[in-house]
Amino acid sequence: MDIGLLVFLPVLGAIASLLSRLKQPGPDHVPTHALVALLAPAICLLLLLSYLPRIQSGEALVYSLSWVPQIGLDLSFRLDGLSWLFATLITGIGCLIILYARYYFAGKDTAGRFFILIQLFMTAMLGIVLSENLLFMLVFWELTSLVSFLLIGFTWSSRNARRGARMSLVITGGGGLALLGGILLLGQIVGSYQISDILTATDTIVSDDRYPLTLTLILLGAFTKSAQAPFHLWLPHAMAAPTPVSAYLHSATMVKAGLFLMARLHPAMGDTELWFSLITITGMVTLMVGAFVAMFMHDIKGLLAYSTISHLGLITLLIGMGSEMAMAAALFHLTTHALFKAPLFMMAGIVDQATGSRDMRNINGLWRTMPALMLITAIPAAAMAGLPLMSGYLSKKMLFSESLLVTAPHWANSLIPTWVTIAGLFSVAYSVRIFHNVFFNGQPVDLPHWPPRRKPAGMLVPLFILALASLAIGLAPQAIYNELIHLAVMATSMTHLPLYDFSDLANANVPAMMSTIAMIGGVVFYLARGPLFAIHRQLPEVDAKNIFEQIMQQSIRFAQSLVYRLENGSLQRYLAFILIAAIAPALGMLSGYSGWQGPSELTAVNPMVVFGAVILCLSAIGVALFHHQRLPALLLLSVTGLFVTLAFAQFSAPDLALTQLSVEVMAVVIMMLALSFLPQTSPRESGFGRVFRDLSLAGLAGIGIALFAYAVLTRPAETISGYFLANSVPGGGGTNVVNVILVDFRGFDTLGEITVLGIAAVAVFAFTRDLHLKERVASAGSAQGFAEPHPVILQMISRMALPIALLVSAYIFLRGHNMPGGGFISGLVTAVALTLQYMAGGLVWAQERMLTHFRPLIGAGLLIATITGLGSWFVGYPFLTSTFSHMDWPLIGEFELATALLFDLGVYTTVVGATLLILANLGKLMTVAGPGQEVG
Amino acid sequence: MELVVAITLGMLTSTGVYLILRARTFSVVLGLTLLSHGVNLFLFSMGRLTTASPAVIGLVENYTDPLPQALVLTAIVISFSMTAFVVVLALKAAVELRSDHVDGEDPNEDRQ
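Residues numbered from 1 in each chain as written. Chains lettered and ligands numbered in written order. Predicted model: local features only at pLDDT ≥ 70, side-chain atom pairs only at ≥ 80, totals over all residues.

1. Overview of the overall build of chain B
Stage number 1. Helix and strand counts for chain B come out as three helices and zero strands.
Stage number 2. Overall, chain B shows an N-to-C arrangement of helices and strands of α-α-α.
Stage number 3. Sorting the 112 residues of chain B into buried and exposed places 64% on the buried side.
Stage number 4. Pairs at least 24 residues apart make up 47% of the contacts formed inside chain B by residues separated by at least 6 positions. (Helix = DSSP H or I, 4+ residues; strand = E, 2+ residues; numbered from the N terminus. Buried ≥ 20, exposed ≤ 12 C-beta atoms within 10 Å, placed from the backbone. Contact = placed C-beta atoms within 7 Å.)

2. Quick notes on the overall build of chain A
Stage number 1. Of regular secondary structure, chain A possesses 37 helices and four strands.
Stage number 2. Residue pairs at least 24 apart in sequence account for 79% of intrachain contacts in chain A once pairs closer than 6 positions are excluded.

3. Focus: the confidence of the model for chain A
Stage number 1. When pLDDT is averaged along chain A, the result is 87; 94% of the residues meet or exceed 70.
Stage number 2. Segment residues 775-787 of chain A: pLDDT under 50, and 19 contacts once partners within four positions in sequence are set aside and those in other chains are kept. (pLDDT = per-residue confidence, 0-100.)

4. Notes on the interface of chain A and chain B
Stage number 1. Residue-level contacts link 102 residues of chain A with 81 residues of chain B.
Stage number 2. In terms of residue count, helix 29 (residues 688-713) of chain A provides more of the side of chain A that touches chain B than any other element does, 14 residues in total.
Stage number 3. Along the lines of polarity and charge, the residues of the side of chain A that touches chain B split into 68 nonpolar, 25 polar and nine charged. (Nonpolar A, V, L, I, M, F, W, Y, C, P; charged D, E, K, R; others polar.)

5. Quick word on the nonpolar core
Across soluble globular proteins, you tend to see nonpolar side chains buried next to one another.
Stage number 1. By size, the foremost hydrophobic cluster in this structure holds 194 residues, and its most contacted members are Ile-98, Leu-318, Ala-330 and Leu-331 of chain A.
Stage number 2. Counting residues per element, this core draws most heavily on helix 15 (residues 324-355) of chain A, which supplies 20 residues.
Stage number 3. In this structure, Ile-705, Val-764 and Leu-925 of chain A together with Val-102 of chain B belong to the second largest nonpolar core, which totals 133 residues. (Core = buried A, V, L, I, M, F, W, Y, C linked by C-beta atoms within 7 Å.)

6. Section: helix 12 (residues 257-269) of chain A
Residue and element names in this part refer to chain A.
Stage number 1. The end-to-end C-alpha separation of helix 12 is 17 Å, in line with the 18 Å expected for 13 residues at 1.5 Å each.
Stage number 2. Most of helix 12 sits out of view: 12 of its 13 residues are buried.
Stage number 3. When helix 12 is considered as a whole, its buried residues turn out to be Ala-257, Gly-258, Leu-259, Phe-260, Leu-261, Met-262, Ala-263, Arg-264, Leu-265, His-266, Ala-268 and Met-269.
Stage number 4. At the exit of helix 12 stands Asp-271, carrying a positive phi of roughly 60°. (Expected span 1.5 Å × (residues − 1).)

7. Observations concerning unusual backbone geometry
Residues and elements named next belong to chain A.
Stage number 1. At the junction of Ala-229 and Pro-230, the peptide bond is cis and its omega measures out at 0° in the coordinates.
Stage number 2. A positive phi angle is found at Leu-389, which is not glycine, with a value near 75°.
Stage number 3. Within the fold, Leu-389 resides in the loop between helix 16 (371-385) and helix 17 (391-405).
Stage number 4. Here the phi dihedral of Ser-652 falls at roughly 60°; this positive angle occurs in a residue that is not glycine.
Stage number 5. Mapped onto the fold, Ser-652 is located in the loop between helix 27 (630-650) and helix 28 (654-675).
Stage number 6. Among the residues examined, Ser-652 registers 24 C-beta atoms within 10 Å and is labelled buried.

8. What to know about the packing of helix 27 of chain A against helix 2 (residues 25-45) of chain B
Stage number 1. Running from N to C, helix 27 of chain A and helix 2 of chain B point in directions that differ by 10°, and their axes come no closer than 11 Å. The pairing of helix 27 of chain A with helix 2 of chain B is recorded here as roughly parallel in orientation. Along the contact surface, helix 27 of chain A presents Arg-630, Ala-633, Leu-637, Thr-640, Gly-641, Val-644 and Ala-647 of chain A, while helix 2 of chain B presents Phe-26, Leu-30, Thr-33, Leu-34, His-37 and Leu-41 of chain B.
Stage number 2. Looking at the contact of helix 27 of chain A with helix 2 of chain B residue by residue, the classes come out as eight nonpolar, four polar and one charged. (Axes fitted to C-alpha atoms, helices over the stretch in contact; angles between N-to-C directions. Parallel < 35°, antiparallel > 145°, perpendicular 65-115°, else oblique.)

9. Focus on the packing of helix 32 (residues 747-769) of chain A against helix 3 (residues 66-97) of chain B
Stage number 1. Taken N-terminus to C-terminus, the directions of helix 32 of chain A and helix 3 of chain B make an angle of 15°; their axes are 9 Å apart at the nearest point. By the angle between their axes, helix 32 of chain A is roughly parallel relative to helix 3 of chain B. Seen from above, helix 32 of chain A lies across helix 3 of chain B with left-handed handedness. Residue-level contacts link Asp-749, Thr-750, Glu-753, Val-756, Leu-757, Ala-760, Ala-761, Ala-763, Val-764, Phe-767 and Thr-768 of chain A of helix 32 of chain A to Thr-74, Val-77, Ile-78, Ser-81, Met-82, Ala-84, Phe-85, Val-88, Leu-89 and Lys-92 of chain B of helix 3 of chain B.
Stage number 2. The residue inventory of the contact of helix 32 of chain A with helix 3 of chain B, partitioned by class, reads 14 nonpolar, four polar and three charged. (Left-handed = near helix turned anticlockwise from the far one by under 90°.)

10. Side note on the environment of Met-295 of chain A
Residue and element names in this part refer to chain A.
Stage number 1. Looking at the secondary structure, you find Met-295 in helix 13 (residues 273-295).
Stage number 2. The spatial distance from the C-alpha of Met-295 to the C-alpha of Tyr-306 is 8.6 Å, given a sequence separation of 11 residues.
Stage number 3. If we ignore the near neighbours within four places in the chain, the residues touching Met-295 are Phe-426, Ala-429, Tyr-430 and Arg-433.

11. Description of helix 3 (residues 81-104) of chain A
Stage number 1. A rise of 1.5 Å per residue sets the reference length of helix 3 of chain A, with its 24 residues, at 34 Å; its end C-alpha atoms lie 33 Å apart and thus fit the reference within 8%.
Stage number 2. With 24 of 24 residues buried, helix 3 of chain A lies mostly within the body of the structure.

12. Points about the confidence of the model for chain B
Stage number 1. On average, residues of chain B score 86 in pLDDT, and 94% of them are at 70 or above.
Stage number 2. Least confident of the elements in chain B is helix 3 of chain B, whose mean pLDDT is 89; most confident is helix 1 (residues 2-20) of chain B, at 94.

13. Topic: the environment of Val-832 of chain A
All names here are of chain A.
Stage number 1. Of note, Val-832 is situated in helix 34 (residues 823-841).
Stage number 2. In the structure, Val-832 is positioned 30 residues away from Leu-802 in sequence and 9.8 Å away in space, judged by C-alpha atoms.
Stage number 3. With near-sequence residues (within four places) excluded, Val-832 lies in contact with Ser-662, Val-665 and Met-666.

14. Digging into the environment of Leu-89 of chain B
Residues and elements named next belong to chain B.
Stage number 1. Looking at the secondary structure, you find Leu-89 in helix 3.
Stage number 2. Take Leu-89: there are 15 C-beta atoms within 10 Å of it, and that puts it in the partly exposed class.
Stage number 3. Between the C-alpha atom of Leu-89 and that of Thr-25, which follows or precedes it by 64 residues, the distance is 9.2 Å.

Here's what the structure looks like:
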């Protein structure tokens with residue numbers, strides 16, 4: 001558990017920072033904020049140190065919590081030598097960075113944000129190095145990209161910062177995607193995402209066909225993160241971040257994540273020719289490009305950025321070589337680099353703040369005003385140059401001696417030593433430059449602040465500690481290697497290997513010679529810088545950010561044009577796409593199918609049915625053919641509806657026939673009303689191609705449905721209705737099984753349906769409420785003449801019909817449980833009867849006589865239905881269980897009174913309310929002089 | 001007879017699909033209605049087609065399958081409310097956008 005705590009402690013720290021910032025806002029409280037922010041990393045560091053004895057005994061601590069075992073996702077953490085080394089660097093340097101930031105951000109409001117982000121970043125970084133599960137590691141991996149994005153764009157008002165942030169996010173995020181692919185492949189090959197499993201499955205992985213692809217994808221992720229050429233471009237532009245960020249993320253920690261990943265997976269995937277050539281060549285190119293360009297950078301941070309790239313390339317090269325000793329050199333250099341690069345960045349930040357510039361052409365001779373800084377900086381600068389007795393000297397010498405050991409492949413055996421010597425020469429040159437240029441080299445030129453502002457001495461403390469650590473490694477390399485780094489090396493090779501012998505290194509002649517050549521060459525190179533800079537100025541300037549920006553714009557334009565071509569805003573097209581997507585796969589899979597004809601015998605053809613079917617088809621075709629003439633099309637549509645009703649009646653569904661009939665009336669009335677506001681014709685605007693496409697889609701859809709229907713109808717039926725038929729009378733107390741299903745067995749469904757109905761009605765109400773009639777579309781109402789809107793005969797007849805209609809509907813309602821009928825149907829009948837009153841007497845007349853509004857009616861209906869259902873809870877039955885008893889009703893005879901009847905009453909009320917609400921509101925639009933108030 | 005029913009269903013679907021692909025809202029409403037007829041009949045026919053055997057206990061000897069009927073009954077009411085809603089939506093769109101084109105703009109407007 002403690003290991004998990006390690007990862008999440010900084011999150012708690014971030015929350016604490018947030019609280020402290022909220023409690024004490026303002027720039028005066030930066031020291032307090034820093035103290036709060038320091039808490040979590042410091043505890044983490046202490047925890048890590050407390051683990052050291054167990055790690056040194058060779059233990060790999062694994063803590064695991066099963067989370068989603070189905071997809072191999074466990075919350076598990078692993079602490080072994082390698083992750084311990086990284087975690088210690090992360091937390092240790094993190095503490096110093098926070099200390100440094102306390103002064104860097106002194107008096108700035110943004111300090112709080114920095115402390116929060118930096119701790120979140122720490123969690124992400126610890127997550128990468130401590131995750132036991134690769135999928136989890138990936139999540140943290142992406143998290144570092146995101147937090148890095150926020151930190152590079154820290155001063156978001158600056159265009160450079162925004163662009164730099166976006167560039168790094170695109171490149172590292174893209175690499176993260178590749179890494180995801182690689183990890184998924186790796187997981188498939190091994191059958192597990194646990195690092196413990198992967199590390200023991202070397203043979204399976206390397207012999208798998210997918211190994212080259214897997215390795216390439218994973219390396220893409222690692223290379224982008226660790227700024228390897230040609231993906232290194234984001235790193236210099238990330239220097240737009242505040243200096244503590246550059247020092248921490250972009251030199252000491254995040255950029256090392258790629259290296260960590262390679263080192264971590266080395267035992268599982270390394271030692272192949274592909275591994276060697278991919279990584280070694282990338283490392284060599286990066287090493288050289290970084291070292292060469294660094295020399296010509298005038299910006300201190302720019303120089304440091306390219307130097308970081310070069311050092312990352314160097315470590316990559318060593319990892320690529322892959323031998324145990326090369327791994328030892330890689331991890332040794334990784335540690336020394338973190339320790340000497342961070343203070344150099346901190347120095348750059350101090351100089352920047354003190355003088356207001358980072359341009360080395362202007363900053364000169366600072367030793368007079370900042371002697372302490374000069375003295376402290378001398379150590380890391382010397383380490384970077386690789387001067388004797390310094391940590392960098394040793395790691396560079398290790399590199400040289402390893403480079404001599406490479407024998408295969410043949411191209412490498414003399415190239416690599418030469419190559420690294422030249423790169424070493426450059427690195428000496430730029431190290432000398434940054435130190436000599438800043439602190440000596442004559443007088444300063446046009447500095448914004450001169451004499452430089454005084455920075456508090458405390459700001460030098462983190463530099464001093466890091467320089468001391470650097471010095472310690474240089475003086476006692478053997479002890480530090482044995483105690484701390486050797487364990488990490490063992491973790492990357494999974495074997496017990498002898499300790500690296502630094503005394504051998506001291507006696508090695510050839511590496512010493514290479515080192516000397518590099519040193520002398522570097523100094524010469526630096527002395528000759530004047531003419532070299534002049535030549536460099538002649539070279540065409542390549543602004544990577546602009547090129548990147550152009551590529552980004554182009555890809556955005558490409559994506560946009562692609563999207564617009566597919567998604568042009570036409571609903572017709574989308575609908576066609578959906579239909580094609582539904583039809584095409586079915587067409588593909590069923591094209592050869594021949595079993596449409598099932599085993600059942602066909603039933604005899606009934607001439608009446610054929611007649612009905614022909615009329616139905618003809619009227620449907622008529623609707624499609626004449627849809628340009630809207631009124632005739634609507635009339636034909638009602639014919640279709642009528643024959644659908646007849647079909648229900650014919651095939652033993654009286655309930656459906658009754659429902660369909662009353663719905664048909666209402667629907668046609670509604671469409672008639674709507675039509676009076678719409679154009680009476682549809683223009684012919686579809687081209688031949690469009691009509692052909694739509695006809696094909698329609699034809700295919702129709703054929704498909706016909707075939708499916710035929711296939712089902714010619715097969716014997718298996719139904720689950722036996723239960724309903726058997727239990728309808730004893731369980732539901734009604735003989736009309738359809739109604740019993742509706743109000744009892746599937747009552748919950750019905751409750752849902754009437755709710756939908758109610759919502760639709762209220763939506764109609766809301767829509768029509770502020771619809772302005774004066775703006776109605778052309779050729780609307782007035783043209784059709786309302787000479788006699790409410791004929792007297794109709795009025796009289798409809799008034800007389802009302803009581804009869806209501807009686808019928810009551811009858812249908814009451815008998816519904818036993819005979820065709822029920823709440824739905826009687827509700828619709830009532831609605832039709834009342835609608836007739838509205839049509840005959842006019843809206844105003846009818847509305848005055850309505851005793852209630854419609855919306856309360858809907859609500860009441862839903863309430864009745866729900867409460868009836870809830871009632872069964874109180875007597876200990878599930879929701880909507882019905883009970884019934886027989887009782888004698890006068891005149892009607894024996895009758896079953898079921899609670900289901902109450903439920904049906906709710907259905908009835910809702911249907912009446914909803915239907916009338918819809919119709920009355922549409923009718924309101926019709927009335928030229930409206931009722932003057934809301935209807936509903 | 002199965003063939004007759006299947007062809008009718010196919011025809012309702014075809015005309016419905018053709019109409020919902022048209023450019024004017026009213027045609028789409030017509031198409032939706034035809035399509036709901038088709039779908040309701042299709043669901044209904046899944047219980048197989050029998051004559052003179054309504055699912056009323058005690059009325060006849062053999063009962064037809066009541067379950068699809070119950071489903072279709074609610075489906076009819078739902079498609080009714082959907083039709084009403086779509087009609088009002090079309091009206092509102094026509095009034096506010098001054099065009100009854102499904103995309104809210106008359107494709108010929110530029111040319112006029």
